[in-house]
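Examination of the molecular architecture
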Amino acid sequence: MTSVASLLAGSGRGVQTATLDDGTEVVVKSGEPSSIAAEAAGLRWLAEPGAAAVPEVLGTAEGRIVSTRVPSGRADAGAAERFGRELAALHAAGAPAFGSPPPGGPVHAWIGEARMVNETGDDWPSWYAEHRVLPYARQARDQGTFSADDVALVERACASFPDVAEPPARLHGDLWTGNVLWDGARAWVIDPAAHGGHRETDLAMLALFGAPQLETVLAAYDEAAPLADGWRERVGLHQLFPLLVHTVLFGGGYGARALRICERYSSSWPRNPLT
C-alpha cells in the first residue's frame, strides 16, 4: 500500500516521485530537518486563494515532506499573464514585517543550500542590507572568495540603498526560473525560501536567469499591482541577494557580477542606475 504515512516512514534520500493508492501523483523529498520544516511552512503560507499556485503539502515528518506533483506543460502567453496577476495577489497577501518567517517556520531557514536568518525589521533598506546582503558578502570573505576591499565596496553600496516605501510583501523568496513550473494553463512555484520582503525582490530574482515569457509576466503584474517608478533601475539592487548567495555556494562569476552592481550603486545612485 502506498500512502502518505508509508512514504513519510520510508528511507529514500533526495527527491523521489510516487503514486498514492488513490492515483494522486506526489513528490517525496528528504533533507536537513530545518530545511524541510521551512519548505513545508513556506508552501502552506503561500497557498493563498487567487495567488500563484503551490503544491499541496500532504504530510511531513522529521526531515521529510510529501506534496502533490505539478503536471508538466508549456509556458504560453496566457499562462504567463495569469502568473503575473497571481504573483501580484501573493505579494499583496502581505507579511507582518520584513524578514518575517512563515507561521510555524524556523527563524534559521534556508535558501537553496545556504542558511537564511529570518530576523525582522521595519525599515527595508537597513533590514535588506543587514540580513540579505552583508551576511553573504562577509561569508564570501571568510571563504576567501571576497577580499576585505570587496566587502567594503558592498558596505558602501548598502549605505546608498534607496528607500522605496512599501509594506512587507509575502515573498516566495527564491523565485528563479527553476522554481517556476508550467502546466500549460498556469505557473506553479516550488521550493520557496518564503519570508516577508520587498516585492521587487521576487521579480528581480525571476529575471536573474531568464524566465520564460518574462515580459508578459511583468506586464500583467504591473497592470494588476502597479510598480513604483524606477523599479527597473532597482533590479540589480534586488539581485544582490541571490547573487551573493550563489557566490557563497558556487563562487566564480557570481561574486564578480555582484561587485559590478555594487560599484554602480555605491558611486552614483540613482544617477547611474544598473542597465
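Our subject is the structure that appears above.
Residues numbered from 1 in each chain as written. Predicted model: local features only at pLDDT ≥ 70, side-chain atom pairs only at ≥ 80, totals over all residues. Heavy atoms only, no water.

To continue, consider the overall build of the chain. On a plain count of helices and strands, the chain comes out with 9 helices and 10 strands. Computed over the C-alpha atoms, the radius of gyration of the chain is 19 Å, within 12% of the 19 Å expected from 2.2 N^0.38 for a compact globule of 275 residues. When the backbone C-alpha atoms are referred to their principal axes, the chain occupies close to 65 × 40 × 35 Å. Here the chain holds 275 residues, and 54% of them are scored as buried. Within the chain, contacts between residues separated by at least 24 positions form 69% of all contacts whose residues are at least 6 apart in sequence. A total accessible area of about 11,900 Å² is found for the chain, and carbon and sulfur atoms account for 50% of it. Counting 22 positive and 33 negative side-chain charges, the chain places the centres of these two groups 3 Å from one another. (Helix = DSSP H or I, 4+ residues; strand = E, 2+ residues; numbered from the N terminus. Rg over C-alpha atoms; globule rule 2.2 N^0.38 Å. Buried < 20%, exposed > 50% of the residue type's maximum accessible area, 1.4 Å probe, protein only. Contact = heavy atoms within 4.5 Å. Areas by Shrake-Rupley, 256 points an atom, 1.4 Å probe, with all protein chains shown as cover. Lys, Arg positive; Asp, Glu negative; His and termini not counted. Charge placed at Lys NZ, Arg CZ, Asp CG, Glu CD.)

Two strands pair when backbone bridges link them, and strand β3 (residues 57–61) and strand β4 (residues 64–68) are joined in this way by 4 bridges, in the antiparallel orientation. Bridging across to β4, Thr-60 finds its partner in Ile-65. Once β3 ends, the chain turns through 2 residues before running back antiparallel as β4, passing Gly-63 with a positive phi of about 75°. (Pairing = 2+ DSSP bridges.)

Turning our eyes to something else, we now look at the sheet that holds strand β1 (residues 15–19). Adjacent strands of a sheet pair through backbone hydrogen bonds, lying either parallel or antiparallel. As summarised here, the arrangement of the 4 strands in space is β1-β2-β4-β3, forming an open sheet in which the pairing is antiparallel. Both outer strands of the open sheet, β1 and β3, are each paired with one neighbouring strand and no more. When strand polarity is set aside, the average angle formed by the axes of neighbouring strands in this sheet is 20°. Relative to strand β2 (residues 25–30), β1 is paired through 5 bridges, and the arrangement is antiparallel. Each bridged residue has a counterpart across the sheet, and for Val-15 the counterpart in β2 is Lys-29. Strands β2, β3 and β4 of the sheet are contacted by helix α2 (residues 33–46), whose axis makes an angle of about 155° with β3. (Axes fitted to C-alpha atoms, helices over the stretch in contact; angles between N-to-C directions.)

Right, let's get into the packing of helix α3 (residues 77–92) against helix α6 (residues 199–208). Orientation of α3 relative to α6, taken along the N-to-C sense of each, is 145°, at an axis distance of 10 Å. By crossing handedness, the relation of α3 to α6 is classed as right-handed. Where α3 approaches α6, its residues Phe-83, Leu-87 and His-91 are matched on the opposing element by Arg-199, Asp-202, Leu-203 and Leu-206. By residue class, the composition of the contact of α3 with α6 is 4 nonpolar, 1 polar and 2 charged. (Left-handed = near helix turned anticlockwise from the far one by under 90°. Nonpolar A, V, L, I, M, F, W, Y, C, P; charged D, E, K, R; others polar.)

Turning next to the packing of α6 against helix α7 (residues 214–224). Put simply, α6 and α7 touch, their axes get as near as 10 Å, and they point 165° apart. On the basis of the axis angle, α6 is roughly antiparallel to α7. Crossing angle aside, the handedness with which α6 passes α7 is left-handed. Counted together, Arg-199, Leu-203, Leu-206 and Ala-207 of α6 and Leu-214, Val-217, Leu-218 and Tyr-221 of α7 form the full contact between these two elements. (Parallel < 35°, antiparallel > 145°, perpendicular 65-115°, else oblique.)

Side chains that are three or four residues apart share a direction in an α-helix, a result of its 3.6 residues per turn. Its 16 residues place the ends of helix α8 (residues 235–250) 22 Å apart at the C-alpha level, agreeing with the 22 Å of an ideal helix rising 1.5 Å per residue. A maximum bend of about 35° is found in α8 at Phe-241, where proline Pro-242 lies one to four positions downstream. In terms of residue burial, α8 counts as a mostly covered element, since 13 of its 16 residues are buried. Among the residues trailing α8, Gly-251 stands out with phi positive, at a value near 65°. (Expected span 1.5 Å × (residues − 1). Bend = angle between axes of the 7 residues up to and from the residue.)

This brings us to the nonpolar core. Formed by 37 residues in total, the largest nonpolar core has its most connected members in Ile-111, Tyr-128, Tyr-136, Val-154 and Phe-161. Put simply, the parts of the chain that give this core at least two residues each are β5 (108–111), β6 (114–117), α4 (124–143), α5 (148–159), α6, α8 and α9 (253–268). If one sorts the elements of this core by residue count, α4 sits on top with 9 residues. With sequence-adjacent residues up to four places away left out, Phe-161 is seen in contact with Pro-125, Tyr-128, Ala-129, Val-133, Leu-237 and Leu-240. (Core = buried A, V, L, I, M, F, W, Y, C linked by side-chain atoms within 4.5 Å.)

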